[in-house]
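# Summary of structural features
Read off the chains here:
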Amino acid sequence: MLRTSVLPPLGAAGRPGGFAGDPAAAAYDTAYGEVETEVLRGARVAAAPAKASAAVAAPLVSPGVLDETTAHASVMPPPVKPSARPRDPVNALADRTKRRRKRGWWILALVLVLVAAGGGAGWYFSAGPGGQVTVPTVAVGSAPADAVVAVTALGLTTTDATANSPTVPVGAVIGTDPSGGSSVLNGSSVAIITSIGPAQLPVPPLVGLSEAAATQAATDAHFTVATPSQTQFSSSVDKGNVIAALGTDGNPLGPTYADQQPVTFVVSLGGIPAVDGMSADAANAALVAVGLVSTVGSTDYNDTVAAGAVISHEVPADPVHTGATITLHVSNGPEPTVPDVTGQSWSKAKAALQAAGFTLAYNQLADLAPDAFSVRATDPVAGTRQPGGTKVTVSFSGF
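Basis of the calculations
- Residues numbered from 1 in each chain as written.
- Predicted model: local features only at pLDDT ≥ 70, side-chain atom pairs only at ≥ 80, totals over all residues.
- Heavy atoms only, no water.
- pLDDT = per-residue confidence, 0-100.
- Contact = heavy atoms within 4.5 Å.
- Helix = DSSP H or I, 4+ residues; strand = E, 2+ residues; numbered from the N terminus.
- Buried < 20%, exposed > 50% of the residue type's maximum accessible area, 1.4 Å probe, protein only.
- Pairing = 2+ DSSP bridges.
- Axes fitted to C-alpha atoms, helices over the stretch in contact; angles between N-to-C directions.
- Salt bridge = Lys/Arg side-chain N within 4 Å of Asp/Glu carboxyl O.
- Phe/Tyr/Trp six-rings, centres within 6.5 Å; stacked < 30°, edge-to-face > 60°.

### A word on the confidence of the model for the protein chain
Mean pLDDT over the protein chain works out to 81, with 74% of the residues at or above the 70 mark. Note that pLDDT drops below 50 for residues 42–75; the model gives that stretch 55 contacts with residues more than four away or on any other chain.

### Overview of the side chain of S165
You can see S165 is positioned in the loop between β2 (157–163) and β3 (173–177). Look at S165 and you get buried, because its relative accessible area is 6%.

### Structural notes on the sheet that holds strand β13 (residues 310–314)
With respect to topology, three strands assemble into an open sheet ordered β12-β14-β13, the strand pairing being mixed. With one partner strand each, in any of the chains shown, β12 (293–301) and β13 form the two edges of the open sheet. With strand direction ignored, the average angle separating the axes of adjacent strands in the sheet is 25°. Across the sheet, helix α5 (residues 280–289) lies against β12, β13 and β14 (325–333), angled at about 165° from β14, the strand it touches most.

### Structural notes on the pattern of salt bridges
Applying the stated criterion across every chain, the model contains two salt bridges. Salt-bridge contacts for R385 lead to D303; the nearest nitrogen and oxygen are separated by 2.5 Å. With R385 in the loop between β16 (375–379) and β17 (391–396) and D303 in the loop between β12 and β13, the pair connects residues that are 82 residues apart, well separated along the chain. With a relative accessible area of 52%, D303 lands in the exposed category. Residue D367 is joined to K350 by a salt bridge in which the shortest nitrogen-to-oxygen separation is 3.5 Å. Placement of D367 in the loop between β15 (359–361) and β16 and of K350 in helix α6 (residues 346–355) is noted, with a sequence separation of 17 residues between them. Residue class for D367 comes out partly exposed when judged on its relative accessible area of 30%. According to the relative accessible area criterion, K350 is partly exposed, its value standing at 22%.

### A closer look at the environment of A356
Here A356 lies in the loop between α6 and β15. With 20 residues separating them in the primary sequence, A356 and P336 have C-alpha atoms 6.1 Å apart. If near-sequence neighbours (up to four positions away) are discounted, A356 is found in contact with P336, T337 and P339.

### Examining the packing of aromatic side chains
Each aromatic ring pair is summarised here by two numbers: the centre-to-centre distance and the angle between the ring planes. If you walk through the whole model with that rule in mind, you get five aromatic pairs. Measuring from ring centre to ring centre gives 4.4 Å for W346 and Y362, while their planes differ by 55°; the resulting arrangement is tilted. You can see W346 sitting in helix α6 and its partner Y362 sitting in the loop between β15 and β16, a full 16 residues away along the chain. Taking relative accessible area as the criterion, W346 reaches 1% and is therefore assigned buried. In this structure an aromatic cluster arises from ring pairing among W346, Y362, F373 and F396.

Okay, here's the thing in structure tokens:
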């Protein structure tokens, strides 16, 4: 008789299927129930959740011996691992308490570490190197020592720096770098910038230009122009053009000049009017028209200049400004000549000599009967040129 081992199919209850009343199926049900009861009891007392411990591997069916005539197979229940013995509830509670205490110490240690880290970070980003401070604003023109005190009071360090400034006096504070109001890290270095005065800039050509053109050139060169300009008379520079460009010291500018400093222009009023040969009145009017004043200095005889006309004029030393006084020298005409009055009656001779501008010396008796007396001679003699007012002595016939 041939016997073969097989795995019979499971029935609806999860046991091996077979014929009704099969002794092997009954044996499987009894073994499966005992295993289930034992597993459930261990799950209820175990501390860990009863999840995987109750799982049982799929039942193994021992190879049966198939009777060819009966087709019957014997089935063996699967091996069952004995469950752990139930634990004492007091011990289980103590274990849980111990585990919780260990977790509490770890949590406390973590909190302390976080607090320390937070405090360290707070210090680093406030009073420590990671913190920031606002650079103070120092007064422009203040003393460098005052600026150093203001900066170092905030925990910053200082260095010295210089820069040109057309407005801040030499040695006074211009500002800081970084500038006031900036945020910097604690302990940073701040430069205190002091003035070394304005920068020296090249001076463009200015003399000979019109005042407007010179003003534009000076402005383009970063200078300022003082107003009003100075004026003076010049016979060599056309009216309205620049005679000189002066610095703050009153001297003509050199090849360089300080940035933004004022330039004073001296502008030509043109030449003094030519008044020689004019009448004294006409000369005075011409001078007054350009802002000058005239005065008569002397009157002289002149053979070429008519009497009453200006022979010459004198001007003050340069520079001649508006309001200056010009002295006029006026002609009396040609120097007079002693007229020839010899043989004339005293009445005619006397009139002729006085008209020529001479003073007379003679015997006063002639005035009693001027027509009765005649002139015998004069001294100086007739034809002699004498200054006006020269005394001429007259002698009469019969005396």
